[in-house]
Amino acid sequence: MKKLIAFLLAALMTFSLVACGSKSDGGSGDGSNIQKTLTIGTAQDINSLDLQMQNDQINNNCLALTHQTLCMLTNDAAETGITYAPQLAEKWEWEDDNTLVFHLKDGIKFSDGSACTADDVVFTYEMALKPDTYVSSTLSLITGVEARDAKTFVIHTSSYSNEILSNIAGKPMGIQSKAAYESGMDKPYTIGTGQYKLKEWKEGQYVTFVRNENYWSDDPGMAEEITFKPILEAASRVVALENGEIDVCIDPPTTELSFLESNKDVTVYEKAGTRLFYFGFNCSKAPFDNKTLRQAVSCAINKDAIVDVVLQGKAKTQNTVVNRGVWSFYDEQDLGAYTYDVTRAKELLAKAGYKEGDLNVDLYAATDSPYKDIAPMIQADLKAIGINVNI
């Protein structure tokens, strides 16, 4: 049987959806208005807090509390035109096409109270450049790093690139403590410069962070204590929100949104996200080494119907695999997309050398939402042009 591997040309952009409960434990007692506890129901399980050995979204959500990068991506680049904002660095500049210089802010401390200097940044980057880390491949332009003084960190590159800032703004590049690693302590990667520090992690159950008493800046954070609790089934997360078991429900089902919006004790917050559902072909083997056949499949899939039915309109279709909200996205003109057109799809199928009913292919899809609901729609669309799909 021929293989249909994944999903690429019917690209969709979803929105990040967060429903927030109104439950509060009150102020912290220190005069601030932050909550005592905040519990977040997540759609994925936390699997690693070792920054450079992972790059999962849920892990990075946790690590954003405990670690900071030299600069960070902004949330409002489309409105402000500013893509990067300072975090540990107060400023940076290209000294020449091969030298990027960062100037650190004053008074930065790790959660153990020790000072964070350019030597720690050098240590972090030299560790990241080792080939066994998850992030090394994204740093291939870096030829070396150095500390000119306690507050000045320098990156040497093989060529100029705008992409470097994007890569070093990622959470896996959070600055780590050289002294923590040299001390021989267990899990030295938990020592960071963020507002919070790790309190307890029970794998598969929860991970809890508490405010960092040595935090070097004046932002008090959102709560005294923040817990991420994996509840993998979407409907169960909604029930947990309603029962007061969690305060925040990440990614509730789109089918539940109208119900949640009608609940006066729940705030539904929506923001355009960068998640992309895509359909990929194995182009190295038959039958999808045939470009015309791939075009036929693209014309056969009704992306608008998938958005309307499965995602309740909470998405946009697009023609590129770089998503909206991501640096370098471009979709301002006709990029030669193959839009939904069954008649054209059948013509392309014939041009590719196949009759209706000739092809039997496997479609591999994840078993959770929304993939399990999208796959049957693709199956039906391809059946309409004579391609038999086994999910």
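Because the structure is predicted, anything quoted here is derived from the model rather than measured.

Colleague: Got a minute to help me understand the pattern of salt bridges in this structure?
Modeller: Per the counting criterion, the structure on display carries 10 salt bridges. One salt bridge in this structure joins Lys197 and Glu213, with 2.9 Å as the shortest N-O distance. Of the two residues, Lys197 sits in strand β10 (residues 196–202) while Glu213 sits in the loop between β11 (206–211) and β12 (223–230), which places them 16 residues apart along the sequence. A relative accessible area of 55% places Glu213 in the exposed class. Glu270 is the partner of Lys314 in a salt bridge, and the nearest nitrogen-oxygen pair spans 2.9 Å. Of the two residues, Lys314 sits in the loop between α9 (303–309) and β15 (315–317) while Glu270 sits in strand β14 (residues 266–277), which places them 44 residues apart along the sequence.

Colleague: How should the nonpolar core be read in this particular structure?
Modeller: Note that soluble globular proteins tend to have their nonpolar side chains buried in a common cluster. If you look at the biggest cluster of nonpolar residues, it comprises 32 residues, and the most contacted ones within it are Leu70, Phe102, Tyr125, Phe153, Ile155, Ile168 and Ile175. Elements with a minimum of two residues in this core: β7 (99–104), α3 (118–128), β8 (142–149), β9 (152–157) and α4 (163–168). The greatest single-element share of this core, amounting to 5 residues, is contributed by α3. Sequence-distant contacts of Ile155, defined by excluding residues within four places in its chain, comprise Asn98, Thr99, Leu100, Phe102, Tyr125, Ile142, Gly144, Val145 and Ile168. Listed in part, the 30 residues of the second largest apolar core include Ala300, Leu311, Val361 and Ile374.

Colleague: What am I meant to see in the sheet that holds β7 here?
Modeller: In space, the 4 strands of this open sheet follow the order β6-β7-β9-β8, with antiparallel pairing throughout. The open sheet has two edge strands with one neighbour each: β6 (89–96) and β8. The mean inter-strand angle of the sheet, taken between neighbouring strand axes irrespective of direction, is 20 degrees. Bridging between β8 and β9 involves 6 bridges; their strand directions are antiparallel. Each bridged residue has a counterpart across the sheet, and for Glu146 the counterpart in β9 is Val154. Each of β7, β8 and β9 is contacted by α3, which is oriented at about 165 degrees to β8, the strand it contacts most.

Colleague: Could you clarify how one ought to interpret α3 in this entry?
Modeller: Structural remark: α-helix, 3.6 residues per turn; residues separated by three or four positions point the same way. Burial within α3 is extensive, with 9 of its 11 residues counted as buried. Within α3, burial applies to Ala118, Asp120, Val121, Val122, Phe123, Thr124, Tyr125, Met127 and Ala128. Tucked into the core, α3 has its buried residues touching β7, β8, β9, α4 and α5 (178–182).

Colleague: Explanation requested: helix α6 (residues 234–242) in the structure shown.
Modeller: Of all the positions in α6, only Ala234, Arg237, Val238, Ala240 and Leu241 are classed as buried. Each buried residue of α6 sits inside an arc of 160 degrees when the element is viewed along its axis, so together they form one side. Count one or two residues on from α6 and you reach Gly244, which has phi positive near 80 degrees.

Colleague: Explain the packing of aromatic side chains here, please?
Modeller: Two aromatic rings, taken as a pair, are described by how far apart their centres are and by the angle between their planes. For the coordinates displayed, the defined rule picks out 10 aromatic pairs. With a centroid separation of 5.2 Å and an interplanar angle of 55 degrees, the aromatic rings of Phe123 and Tyr181 are classed as tilted. With Phe123 in helix α3 and Tyr181 in helix α5, the pair connects residues that are 58 residues apart, well separated along the chain. Using a relative accessible area of 19% as the deciding quantity, one classes Phe123 as buried. Assessed through its relative accessible area of 25%, Tyr181 is described here as partly exposed. Residues Phe281 and Phe288 carry aromatic rings whose centres are separated by 4.9 Å and whose planes lie at 35 degrees to one another, so their mutual orientation is tilted. Among the residues examined, Phe288 registers a relative accessible area of 1% and is labelled buried.

How each quantity is defined
Residues numbered from 1 in each chain as written. Predicted model: local features only at pLDDT ≥ 70, side-chain atom pairs only at ≥ 80, totals over all residues. Heavy atoms only, no water. Salt bridge = Lys/Arg side-chain N within 4 Å of Asp/Glu carboxyl O. Helix = DSSP H or I, 4+ residues; strand = E, 2+ residues; numbered from the N terminus. Buried < 20%, exposed > 50% of the residue type's maximum accessible area, 1.4 Å probe, protein only. Core = buried A, V, L, I, M, F, W, Y, C linked by side-chain atoms within 4.5 Å. Contact = heavy atoms within 4.5 Å. Pairing = 2+ DSSP bridges. Axes fitted to C-alpha atoms, helices over the stretch in contact; angles between N-to-C directions. Arc of directions from axis to C-beta. Phe/Tyr/Trp six-rings, centres within 6.5 Å; stacked < 30°, edge-to-face > 60°.

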